[in-house]
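Here's the letter readout for the chains.
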Amino acid sequence: MSYELTVSLRYLKSRRRQTFISLITFISVGGVAVGVMVLIVVLAVMSGFETSLREKILGMNSHIWILPQTTQSITDYQDIVARTKTIPHVTRAAPFTTHEVMLIADGRVAGTILRGVNPTDKEHMDDLKRYFRHQDLSHLFTPKTSDGAPDSSRRGIVLGRELARNLLVFPDQAVVVNSPLGVLTPAGILPNMRRFTVTETFATGMYEYDAKLALIALSEAQALFDMGNTVHGIEVKVDNIYRVHDVSQAIRSMLGTAYWTRDWMQMNRNLFAALRQEKVILFIILVLIILVAAFNIVSTLVMMVMEKQTDIAILKAMGARKRSIRQVFMVEGLIIGVVGTILGSMSGLIFTWNLQSISALIERLLGIQYFPPDVYFIDELPAQINA
């Protein structure tokens with residue numbers, strides 16, 4: 001061990017005549033530790049928020065939508081689905097319909113996005129399993145009788161959890177779907193209304209979906225809106241969400257100019273761009289906090305040099321060079337910074353790993369909710385540590 005390091009360690013451990021400098025040393029270590037801890041926690045929360053939001057957005061939505069260019073519906077969708085599945089990196093392709101409707105239940109009304117999905121598409125149903133309490137979705141849109149047998153005389157509808165709460169309906173209760181477009185009859189345009197029975201509710205954790213989305217079988221949607229054997233579009237999922245641009249280009253090249261595509265990056269570009277910008281700004285602000293802690297280390301070393309003038313004179317008389325004496329104090333500052341960084345990293349990791357329980361405890365003690373689901377896109381405080 002070099003004598004510069006030995007002297008530095010003795011200075012850190014020895015009792016000083018000026019205890020104020022010793023206190024400043026501990027404050028410097030604490031300042032670095034707190035800055036590093038806050039940096040880790042904030043960046044982990046921002047990364048977790050972005051990841052959680054992306055997963056919830058893509059949970060009920062697909063990665064790519066194939067839409068018609070000039071018409072409002074697609075007629076030969078079975079052929080397009082089969083051809084799309086042959087494109088590399090495509091894991092699933094399924095038709096869908098979407099309409100804006102009003103749901104009516106005992107005088108309560110709620111505007112809703114009604115989406116028609118194919119219940120026989122096993123891959124699609126497997127994607128939806130995580131949002132339902134029951135894992136068997138084979139009869140998701142089929143109401144049951146009192147003895148549990150399928151009741152083919154009624155039509156089934158699935159509501160988001162918050163939507164069902166707003167309408168005060170439960171499974172096996174009836175709701176009326178009312179389309180504002182109506183239907184054209186010899187007597188004029190009449191309201192397009194049809195009764196459905198709630199079979200199940202889902203919870204994605206994203207309030208916008210849970211409060212505004214309802215699902216029915218694709219065949220029922222086609223019959224309700226007199227679409228025949230057509231759909232509004234085809235939803236596509238890929239094995240890597242960051243390949244959507246290349247897959248979209250491949251789909252457009254295969255289908256030609258009659259169709260166009262929208263991917264999840266295009267539909268949510270502004271939201272994720274804002275999140276990335278906030279993350280960068282927070283990183284810069286927190287780095288400034290760490291720089292303040294570094295200035296504390298510098299001030300500590302300056303006062304330490306002033307205190308140790310006698311020791312420095314003795315070292316010089318014994319033949320020590322200026323460079324060696326400078327290294328003594330630089331090593332001491334380095335030790336303070338390293339110790340503070342290690343303590344801050346450990347504290348930040350421990351705090352981040354227990355963030356959910358700490359947040360829940362604070363909410364219970366103060367009687368408040370940090371992230372109301374009707375205000376924010378999430379219902380909990382997420383965190384993801386990125387090395």
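Residues numbered from 1 in each chain as written. Predicted model: local features only at pLDDT ≥ 70, side-chain atom pairs only at ≥ 80, totals over all residues. Heavy atoms only, no water.

**Quick notes on the overall build of the chain**
- When helices and strands are tallied, the chain shows 13 helices and nine strands.
- For the chain, with 387 residues in total, the buried portion stands at 43%.
- The long-range fraction of contacts in the chain, counting pairs at least 24 apart against all pairs at least 6 apart in sequence, stands at 76%.
- Accessible surface for the chain amounts to roughly 21,400 Å². Of this, 59% is attributable to carbon and sulfur atoms. (Helix = DSSP H or I, 4+ residues; strand = E, 2+ residues; numbered from the N terminus. Buried < 20%, exposed > 50% of the residue type's maximum accessible area, 1.4 Å probe, protein only. Contact = heavy atoms within 4.5 Å. Areas by Shrake-Rupley, 256 points an atom, 1.4 Å probe, with all protein chains shown as cover.)

**Quick notes on the layout of surface pockets**
- Here the largest pocket is characterised by a volume of approximately 480 Å³.
- Taken together, 20 residues line the largest pocket, and the ones lying closest to its centre are His99, Ser179, Leu181, Phe225 and His232.
- Elements with a minimum of two residues in the lining of the largest pocket: strand S2 (90–105), strand S5 (174–185), strand S6 (188–202) and helix H7 (218–224).
- Looking at the lining of the largest pocket, the element that brings in the most residues is S5, giving five residues. (1 Å grid on protein atoms, 1.4 Å probe; cavity = no way out; pocket = protein on both sides within 12 Å on 5 of 7 lines; lining within 4 Å. Points joined across faces, edges and corners; volume = space filled by probe spheres on them.)

**Here's the deal with the environment of Trp264**
- Among the structural elements, Trp264 can be located in helix H9 (residues 264–267).
- Sequence spacing of Trp264 and Ile64 is 200 residues, and the spatial spacing of their C-alpha atoms is 6.3 Å.
- Those residues within four positions of Trp264 in sequence are excluded, and the remaining contacts are Arg54, Leu58, Ser62, His63, Ile241, Tyr242, Val244 and Phe272.
- A polar side-chain atom of Trp264 sits 2.9 Å from the main-chain carbonyl oxygen of Ile241. (Polar contact = N/O pair within 3.5 Å; in protein donor to acceptor, adjacent residues only side chain to side chain.)

**Digging into a positive patch on the surface**
- Taken together, the side chains of Lys316, Arg321, Lys322, Arg323 and Arg326 present a region of like positive charge at the surface.
- Element by element, the count of residues in the positive patch is highest for helix H12 (residues 322–353), at three residues.
- As for its position among the elements, Arg321 is in the loop between helix H11 (309–317) and H12.
- Using a relative accessible area of 65% as the deciding quantity, one classes Arg321 as exposed. (Patch = residues over 30% accessible without salt bridge, like charges linked within 9 Å, V, L, I, M, F, W, Y side chains within 5 Å. Salt bridge = Lys/Arg side-chain N within 4 Å of Asp/Glu carboxyl O. Lys, Arg positive; Asp, Glu negative; His and termini not counted. Charge placed at Lys NZ, Arg CZ, Asp CG, Glu CD.)

**So, the packing of H11 against H12**
- At a minimum axis distance of 10 Å, the contact between H11 and H12 shows a crossing angle of 145°. Between H11 and H12 lies a crossing whose hand is right-handed. Contacts between H11 and H12 involve Ile312, Leu315 and Lys316 from the former and Lys322, Ile325 and Phe329 from the latter.
- The residue inventory of the contact of H11 with H12, partitioned by class, reads four nonpolar, no polar and two charged. (Axes fitted to C-alpha atoms, helices over the stretch in contact; angles between N-to-C directions. Left-handed = near helix turned anticlockwise from the far one by under 90°. Nonpolar A, V, L, I, M, F, W, Y, C, P; charged D, E, K, R; others polar.)

**Quick word on the packing of aromatic side chains**
- Enumeration over the complete set of coordinates arrives at three aromatic pairs.
- Both rings, one in Trp65 and one in Phe96, keep their centres 5.0 Å apart while their planes meet at 45°; by these two values the pair is tilted. Of this pair, Trp65 sits in strand S1 (residues 64–68) while Phe96 sits in strand S2; the two residues are 31 residues apart in sequence, bridging distant segments of the chain. The burial state of Trp65 is the same as that of Phe96; both residues are buried. (Phe/Tyr/Trp six-rings, centres within 6.5 Å; stacked < 30°, edge-to-face > 60°.)

**A word on the pattern of salt bridges**
- Counting across every chain of the model gives seven salt bridges.
- Between Arg83 and Asp79 there is a salt bridge, with its nearest N and O atoms 3.6 Å apart. One end of the pair is Arg83 and the other is Asp79, both in helix H3 (residues 77–84) and four residues apart, which spans about a single turn.
- When the shortest N-O distance is used, the salt bridge between Arg108 and Asp106 registers 3.8 Å.
- Judged by relative accessible area, Asp106 falls into the exposed class, the value being 70%.
- Salt bridges linked by common partners bring Arg161, Glu162 and Arg165 together as one network.

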